[in-house]
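Here is how the chains run, residue by residue.
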Amino acid sequence: MIWNKEFETMERKRLASMQTGLLQQQVERIYNKNAFYKGKMDAAGIKPSGIKSIEDIEKLPFITKSEMRDVYPYGLLSCDVNDIVEIHTSSGTTGKPVVDAYTQKDIDIWAEVMARTFTMGGATAKDRIQNAYGYGLFTGGLGAHYGARKIGAMVIPISGGNTKRQLQIMNDFGTTILSCTPSYSLYIAEVAAEEKLDFSKFSLKAGFFGAEPWSDNMRREIEDKLNIKAYDIYGLTEIIGPGVASECERQDMLHINEDHFFPEIIDPQTGQTLPDGEKGELVITTLTKEGTPLIRYRTRDITYLNREKCGCGRTSVRMHRILGRTDDMLIIRGVNVFPSQIEEVLLRIEGVEPQYQLIVERKDNMDCLEVQVEVNDAIFSDEIKSLEAGEKRIEKELREALLVHAKVKLVEPKAIARSEGKAKRIIDKRVF
Ligand code: ADP
Ligand code: ZN
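Read on for an overview of the structure. (Residues numbered from 1 in each chain as written. Chains lettered and ligands numbered in written order. Predicted model: local features only at pLDDT ≥ 70, side-chain atom pairs only at ≥ 80, totals over all residues. Heavy atoms only, no water.)

**A look at the nonpolar core**
In terms of nonpolar packing, the biggest core is built from 63 residues, with Leu 60, Phe 118, Tyr 234, Ile 239, Ile 240 and Met 319 touching the most fellow members. With eight residues, the single largest contributor to this core is helix 5 (residues 104-120). Membership of the second largest hydrophobic core comes to 25 residues, among which are Ile 158, Leu 204, Trp 214 and Ile 228. (Core = buried A, V, L, I, M, F, W, Y, C linked by side-chain atoms within 4.5 Å. Buried < 20%, exposed > 50% of the residue type's maximum accessible area, 1.4 Å probe, protein only. Helix = DSSP H or I, 4+ residues; strand = E, 2+ residues; numbered from the N terminus.)

**Brief notes about helix 7 (residues 163-173)**
In an α-helix, one full turn covers 3.6 residues, which means residues spaced three or four apart are oriented alike. Along helix 7, the residues that are buried comprise Thr 163, Gln 166, Leu 167, Ile 169 and Met 170. One side of helix 7 carries all its buried residues, which in axial view fall inside an arc of 165 degrees. Helix 7 presents Lys 164 and Asp 172 as exposed residues on the side facing more than 90 degrees away from its buried surface. Buried residues along helix 7 sit against strand 3 (128-131), strand 4 (154-156), strand 5 (177-180) and helix 8 (182-194). Just past helix 7, the residue Gly 174 takes up positive phi, approximately 65 degrees. (Arc of directions from axis to C-beta. Contact = heavy atoms within 4.5 Å.)

**A short note on the sheet that holds strand 18 (residues 352-363)**
The four strands are arranged 20-19-18-21 in an open sheet whose pairing can be described as mixed. Across the chains shown, the open sheet's two edge strands, defined by having one partner strand only, are strand 20 (407-411) and strand 21 (426-428). Across the sheet, the axes of successive neighbouring strands diverge by a mean angle of 20 degrees, strand direction being ignored. Examined bridge by bridge, strand 18 and strand 21 share three bridges and lie parallel to one another. Pairing of Ile 359 across the sheet is with Ile 427, part of strand 21. Lying over the sheet, helix 12 (residues 384-402) contacts strand 18, strand 19 (366-375) and strand 20, oriented at roughly 135 degrees with respect to strand 20. (Pairing = 2+ DSSP bridges. Axes fitted to C-alpha atoms, helices over the stretch in contact; angles between N-to-C directions.)

As far as function goes, none of this settles anything; it's purely spatial.
Below is the structure:
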């Protein structure tokens, strides 16, 4: 099923001309209504009349997270403050949070793109969606909620946490769909195993997972352990929250809702636009946002684009699952290392659980990376000698994949702290 055939399967030429019109309107509006944007455009020497086609987007200046923080809390508003009906913010763990303000139309679009997301993974009005994303200022909970309501499904707005209760509710209410972070889904599976619950006896059939990086191997683990199909969904507070892009039933890259969010890939060093298929930083422009529109927002997320038509019939451009972030990219002795690369290697190995932490330290001016990873009971209760052999083997595989040495420490099951939201994978103790 396709939720919105007209827009999701629009012929690409028509789509481009629609995007041109939307961009022109958006630029006109922000230039006239927002002093910060007017200042930026004047400084770059570009007027709204200079935007003649969607390709002219490259003439517009980028916006970064730190600029958004500078104008906190209301500096990006491009409508009357009384027209704002809801506010969300990012977690703000690294400074002031960034603010996403929505008009009623923005909320309606949010529900629309999340309705597309759920429908892409086969959800219908007959489904019972257990929404274990956190409700509150975080966008995950309410974004998924609006979309689930829009398709007419039954929503179970349980929010994150209280894992035993999640399982109880899942069983009692016959939940068919779970939405939460991928790491939390694995924690739910773990608690289920402790409670001797068998997912093949549950009605659960699919999960919509996002808000943090995960890999294809982790997908397989989740699908096996929960006996479901696991879909990747992508979004960020700055743009709208979840609903920017998601996988269809082919699970072959994420369809971007291009009629609302215009994607570009740039070289993060030079800012130059890169051709389709080349890896770089994802830049997004909100074409229809009224509350806090963003023009060429640098997401710091790394991916690449594919414009070939998907077998599902949708014509939208697809992005590869996020490969890393320009800022959580670790630089270990000069080598760029993405946590996702490490995860790929770890999850190839028998007996290794998808629970790991990366600890980076500087000893005698040398970066040292330690990978702590949980193994299952069978392996952990083996002799010390075989544990050491396991560590050496993983070290060797990591060296081949990363081109840098990492020390591996196998730890007992449940040794690594669990999270009910986003997992904390990196502990960087270096002081720069
Ligand atoms: P913050 O974590 O900064 O408070 P958000 O909660 O909006 O803000 O998180 C957005 C970020 O989460 C994205 O920029 C991206 O790095 C990450 N993210 C979201 N969905 C996914 C996904 N499906 N795969 C990988 N990373 C994701
Ligand atoms: Zn598709």
